[in-house]
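Report on the structure
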Amino acid sequence: MKEGLRKIEIDLGERSYSIYLGYDLLPQRIADLAGFSREKEVFIISDTQVNSFYGKRLEDLLLQQGYQPSFYLIKPGEEAKTWDNAEKILDVMLTKNLSRKVPLLALGGGVVGDLAGFVAALYKRGIPFIQIPTTLLAQVDSSVGGKVAVNHSRGKNLLGTFYQPRAVWADLMTLETLSMREWRAGLAEVLKYALLDGREFFLFLQENAEAILEKKPAVILSMIEQCILIKAEIVQKDERDEGLRNILNLGHTFGHALEKATNFQKYRHGEAVAVGLVAALKLAEALQMINSVVVAEVLCLMQKWGLPFSFSSALVDDVLRFLPADKKVENQEVHFILPMGIGEVVAKKGIPMEIVGDVLKQISDIV
Ligand code: NAD
Ligand code: GLY
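Residues numbered from 1 in each chain as written. Chains lettered and ligands numbered in written order. Predicted model: local features only at pLDDT ≥ 70, side-chain atom pairs only at ≥ 80, totals over all residues. Heavy atoms only, no water.

Re the site of ligand 2
Every residue lining ligand 2 is accounted for by D141, K147, K231, R245 and L248. Contact distances for ligand 2 include 2.8 Å between an oxygen atom and a side-chain N or O atom of K147. Within the contact set of ligand 2, an oxygen atom lies 2.7 Å away from a side-chain nitrogen or oxygen of K231. Compared with its free state, where it exposes 200 Å², ligand 2 has 87% of that area covered by protein. (Near = heavy atom within 4 Å. Polar contact = N/O pair within 3.5 Å; in protein donor to acceptor, adjacent residues only side chain to side chain. Areas by Shrake-Rupley, 256 points an atom, 1.4 Å probe, with all protein chains shown as cover.)

A short note on the packing of helix α7 (residues 180–197) against helix α12 (residues 269–286)
With their axes 7 Å apart at the nearest point, α7 and α12 run at an angle of 40° to one another. Between α7 and α12, the angle falls in the class oblique. The handedness of the crossing between α7 and α12 comes out as left-handed. For the pair formed by α7 and α12, the contact residues are R181, A185, A188, E189, L191, K192 and L195 on the first element and H269, G270, E271, V273, A274 and L277 on the second. (Axes fitted to C-alpha atoms, helices over the stretch in contact; angles between N-to-C directions. Helix = DSSP H or I, 4+ residues; strand = E, 2+ residues; numbered from the N terminus. Parallel < 35°, antiparallel > 145°, perpendicular 65-115°, else oblique. Left-handed = near helix turned anticlockwise from the far one by under 90°. Contact = heavy atoms within 4.5 Å.)

A few points about the environment of Q236
Along the chain, the position of Q236 falls in helix α10 (residues 217–237). For the pair formed by Q236 and G145, sequence separation is 91 residues and the distance between their alpha carbons is 8.5 Å. Not counting residues within four places of it along the chain, the set of residues in contact with Q236 comprises E9, I10, D11 and L12. Within the local environment of Q236, its side chain forms a polar contact with the backbone nitrogen of D11, the two atoms lying 2.9 Å apart.

Brief notes about the packing of aromatic side chains
By the definition in use, this model includes five aromatic pairs. Arranged with centres 5.8 Å apart and planes meeting at 35°, the rings of F53 and Y54 form a pair that is tilted. Exposure remark for F53: the relative accessible area of 44% places this residue in the partly exposed category. We classify Y54 as buried; its relative accessible area is 12%. Ring centres 6.4 Å apart and planes at 20° place the aromatic pair F129 and Y163 in the stacked group. Of the two residues, F129 sits in strand β6 (residues 129–133) while Y163 sits in the loop between β8 (155–162) and β9 (167–171), which places them 34 residues apart along the sequence. (Phe/Tyr/Trp six-rings, centres within 6.5 Å; stacked < 30°, edge-to-face > 60°. Buried < 20%, exposed > 50% of the residue type's maximum accessible area, 1.4 Å probe, protein only.)

Topic: the site of ligand 1
Taken together, 27 residues surround ligand 1, and among them E78, G110, T134, T135 and T177 come closest. Here an oxygen atom of ligand 1 and a side-chain polar atom of E78 are 2.7 Å apart. At 2.6 Å from an oxygen atom of ligand 1 is found a side-chain nitrogen or oxygen belonging to T135. A total of 870 Å² of accessible area belongs to ligand 1 in isolation, and the protein chains cover 94% of it. Among the secondary structure elements, those contributing two or more residues to the shell around ligand 1 are α3 (48–64), α5 (110–122), α6 (136–142) and β8. No other element matches α3, which puts four residues into the shell around ligand 1. Here the residues of the shell around ligand 1 sort into seven nonpolar, ten polar and ten charged. (Nonpolar A, V, L, I, M, F, W, Y, C, P; charged D, E, K, R; others polar.)

The analysis is restricted to geometry; functional conclusions fall outside its scope.
Set out below in structure tokens:
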């Protein structure tokens with residue numbers, strides 16, 4: 001294996017697949033397509049921004065290896081993750097009369113990956129699907145584990161299924177064009193993994209905080225690999241999110257409500273997760289479940305990375321109102337994942353909403 005290239009296996013029986021992680025790995029990986037399908041046609045979903053950077057290169061590589069690529073481009077951003085877009089894409093695929101063996105490649109961030117995976121699951125009852133994640137968030141999280149979905153006006157990811165990709169090709173080279181804002185948003189999910197995993201990874205992030213902001217290749221390779229390994233272990237034990245996998249929602253119960261309260265306009269998903277992590281830490285602190293020193297340590301790293309840890313107090317009521325709209329609701333009780341330390345989380349329901357409201361007020365509008 002080439003130096004700096006990592007291969008991580010996701011062991012899910014007949015739905016198993018490999019994740020490749022490294023710099024400029026697409027030229028080698030295109031040859032793997034033959035193992036997934038004998039079709040020469042390849043359908044690619046991307047967004048216009050990612051396509052402007054990497055579409056031509058992917059197209060050339062596919063053409064060089066005898067494939068006939070065709071692209072469907074969506075507008076960048078969360079607003080594109082809709083049923084309406086899924087239907088439009090399916091319509092184009094049907095018009096092209098693509099076979100049920102045609103490979104579908106998702107070139108982009110989590111929006112493209114979630115939407116493309118959803119389409120791949122539906123088209124003729126499922127076609128081979130390959131994730132080519134181009135954001136940090138997509139490389140450490142959304143491209144792994146087979147959750148695919150579109151949003152509904154009533155909430156995020158409400159229409160979806162589990163559909164594992166046949167492979168994930170995470171090219172670290174693509175991260176070079178990612179804006180600092182998107183990079184930071186991805187770091188929120190990285191921090192989530194450290195809180196789930198334990199001290200060792202958290203220390204690695206603390207010690208390399210600067211190098212991570214500078215996207216130093218060896219450091220970010222290890223960082224992304226570790227996140228994928230953590231997610232892989234969880235997904236392998238609970239592929240369909242019936243128990244353990246819920247812990248991946250750390251920071252997301254608040255995060256999703258904040259995204260919804262701001263109509264998906266103000267925050268990047270990872271930014272909302274960052275605020276959600278603060279809310280989870282502070283709620284755990286208010287319930288005396290976590291040591292305040294640990295909370296301060298995590299907030300310090302977030303500050304170093306420039307992650308948002310507050311939000312407008314004008315939004316508190318809306319965030320509270322949207323909390324129960326989260327999928328994690330059971331019997332109308334909001335189900336929170338709360339940290340008890342670094343590497344220790346617990347699922348908790350039945351927390352009085354007055355306490356939740358107080359915590360949200362406490363973290364709103366602090367600068
Ligand atoms: P995104 O896909 O919207 O990408 C963010 C922005 O970065 C877009 O404007 C995009 O055009 C641009 N971009 C992408 N790659 C680039 C690159 N290499 N260079 C320059 N610009 C680039 O957002 P995201 O943060 O990647 O993903 C968020 C989505 O992921 C949300 O919809 C969220 O719900 C979903 N998600 C899904 C899972 C899952 O398990 N399926 C997990 C976490 C998040
Ligand atoms: N990002 C949550 C999950 O994959 O389960």
